[in-house]
Amino acid sequence: MNIAVLGAGAWGTALAIAFAPAHRVRLWSWEQPQAEIMARERANSRYLPGASFPEGLEVGSDLAWAAADADLLLVATPLVGLRPTLRSLKAAGLAGTVPVLWACKGLEAGSAKLPHQVVAEELGADHPCGALSGPSFADEVARQQPTAITLASADGELAARLARQLHTQRLRIYAHDDVVGVEVGGAVKNVLAIATGIADGLDLGLNARAALVTRGLAEIARLGEALGGRRETFMGLAGMGDLILTCTGDLSRNRRVGLALGQGKTLAQTLVDLGHVAEGVSTAAEVAGLARRLGIDMPITAAVDAVLHHDLPAAEAVSQLLSRDPKPEQG
């Protein structure tokens, strides 16, 4: 299969490395100088140092070159780049009926739309497409450490076919048909990873972290079901699996943001030090706003949004959460 991976950050590069041994893969970067460096060094030292490119993985900055003869278009930009990339593909006549997968997670800033809604607006509701999500750190995927993720499409046959074609011994891919549930799990877990990072930065202990993860999963399920997702999806790879990894793994960008905030650093300095996009920062505001509009109780998400965007001190946010009245766990 000919695969165009559009977006040469850490995750796009890791996926290109993972798929290249079995497929012809072209990795596209919008930055020509960066593409030239990667092609020369056979590595992405900026975003994924230490992971060399396998033979056959091509790199370039020409979108038409990357998408030419592609059997699959895999958009691996941050969420903010999804719509512009789709528009560029459509304007150049490169999308056609080629299946499109996206590996970005979150809600679009300003619209609170999930990625599949963005794809439907840009390419049409009938375009073959799906989401690639689940518990996966780019560094470990690039080093071929065992990983399991989900490929979700409203077209169950498409999901099954692409999952079968992309599946490897080290990157196991499971087909799913609940796109909304998979996307909500992937989006909100980043917000909750910031929350657990804050708790760890404040040295609140492992009990507190477990409570945040568990109650955070309840928030994910409440929002996901309200948007049309299925509850069982949130107990799978793209829900609980991704949440556990992102809230506890030291490679999690969003958790690292929370850690820094809990230790008293400013958000601006934290993001500069991070050097990567932490999707939970923008997603927190969108999820909190969406929950308010839908009348869904998401206190952890609201607290994270208040710390990130409304100058609430991290310790005060924790105090407010702890002072909430007790309620049934199922509530």
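Residues numbered from 1 in each chain as written. Predicted model: local features only at pLDDT ≥ 70, side-chain atom pairs only at ≥ 80, totals over all residues. Heavy atoms only, no water.

Caption draft 1: Here's a closer look at the overall build of the chain. The secondary structure content of the chain amounts to 15 helices and 8 strands. In terms of C-alpha radius of gyration, the chain reaches 19 Å, essentially the compact-globule figure of 20 Å for 331 residues. Counting only C-alpha atoms and orienting by the principal axes, one finds that the chain spans roughly 60 × 40 × 35 Å. Residue burial in the chain is summarised as follows: out of 331 residues, 54% are buried. Taking contacts inside the chain between residues at least 6 apart in sequence as the whole, the part at least 24 apart equals 70%. Carbon and sulfur atoms make up 52% of the accessible area of the chain, which totals about 14,200 Å². Distance between charge centres in the chain, computed from 29 positive and 35 negative side chains, equals 2 Å. (Helix = DSSP H or I, 4+ residues; strand = E, 2+ residues; numbered from the N terminus. Rg over C-alpha atoms; globule rule 2.2 N^0.38 Å. Buried < 20%, exposed > 50% of the residue type's maximum accessible area, 1.4 Å probe, protein only. Contact = heavy atoms within 4.5 Å. Areas by Shrake-Rupley, 256 points an atom, 1.4 Å probe, with all protein chains shown as cover. Lys, Arg positive; Asp, Glu negative; His and termini not counted. Charge placed at Lys NZ, Arg CZ, Asp CG, Glu CD.)

Caption draft 2: Focus on the UniProt feature "domain: Glycerol-3-phosphate dehydrogenase NAD-dependent C-terminal" (unreviewed entry) in the chain. Under the feature "domain: Glycerol-3-phosphate dehydrogenase NAD-dependent C-terminal" (unreviewed entry), the UniProt entry names residues 178-318. Taken end to end, residues 178-318 has its terminal C-alpha atoms 33 Å apart, with 75% of it in helix and 0% in strand. (UniProt positions renumbered as here; feature names shortened; annotations may be inferred.)

Caption draft 3: Looking closely at the pairing of strand S7 (residues 147-152). Counting buried positions over the 6 residues of S7 gives 5, a clear majority of the element. When strand S6 (residues 129-133) meets S7, the two strands line up antiparallel, connected through 3 bridges. By the bridge assignment for S7, leucine 132 is matched with leucine 151. In this structure, S7 lies alongside strand S8 (residues 171-176), joined through 6 bridges in parallel fashion. (Pairing = 2+ DSSP bridges.)

Caption draft 4: Representation of helix H4 (residues 82-91) within the structure. All buried positions along H4 are accounted for by Leu82, Arg83, Thr85, Leu86 and Leu89. For H4, the angular spread of buried residues about the axis comes to 165 degrees, placing them on one side. Of the surrounding secondary structure, the elements contacted by the buried residues of H4 are strand S1 (2-6), helix H3 (63-67), strand S4 (72-75), strand S5 (100-102) and helix H5 (115-123). Glycine 93 lies just past H4 and shows a positive phi near 70 degrees. (Arc of directions from axis to C-beta.)

Caption draft 5: Structural view of helix H14 (residues 299-309). Among the 11 residues of H14, 9 are classified as buried, and the element is accordingly described as predominantly covered. Three or more residues of H14 are buried, namely Pro299, Ile300, Thr301, Ala303, Val304, Asp305, Ala306, Val307 and Leu308. On the buried face of H14, the contacting elements are helix H8 (179-201), helix H9 (206-226), helix H11 (253-262), helix H12 (267-274), helix H13 (279-294) and helix H15 (314-322). Aspartate 311 sits one or two residues past H14 and shows a positive phi near 60 degrees.

Caption draft 6: Just the sheet that holds S4, in detail. What the 8 strands build is an open sheet, ordered S3-S2-S1-S4-S5-S6-S7-S8; its pairing is mixed. Both outer strands of the open sheet, strand S3 (58-60) and S8, are each paired with one neighbouring strand and no more. Each adjacent strand pair in this sheet contributes to an overall mean axis angle of 25 degrees, direction not counted. Each of S1, S4, S5, S6, S7 and S8 is contacted by helix H7 (residues 156-166), which is oriented at about 175 degrees to S8, the strand it contacts most. (Axes fitted to C-alpha atoms, helices over the stretch in contact; angles between N-to-C directions.)

Caption draft 7: Focus on the environment of alanine 278. Mapped onto the elements of the fold, alanine 278 is located in the loop between H12 and H13. Linking alanine 278 and glutamate 121, residues 157 residues apart in sequence, is a C-alpha distance of 25 Å. Beyond its immediate stretch of four places on either side in the chain, alanine 278 contacts Arg253, Asn254 and Val257.

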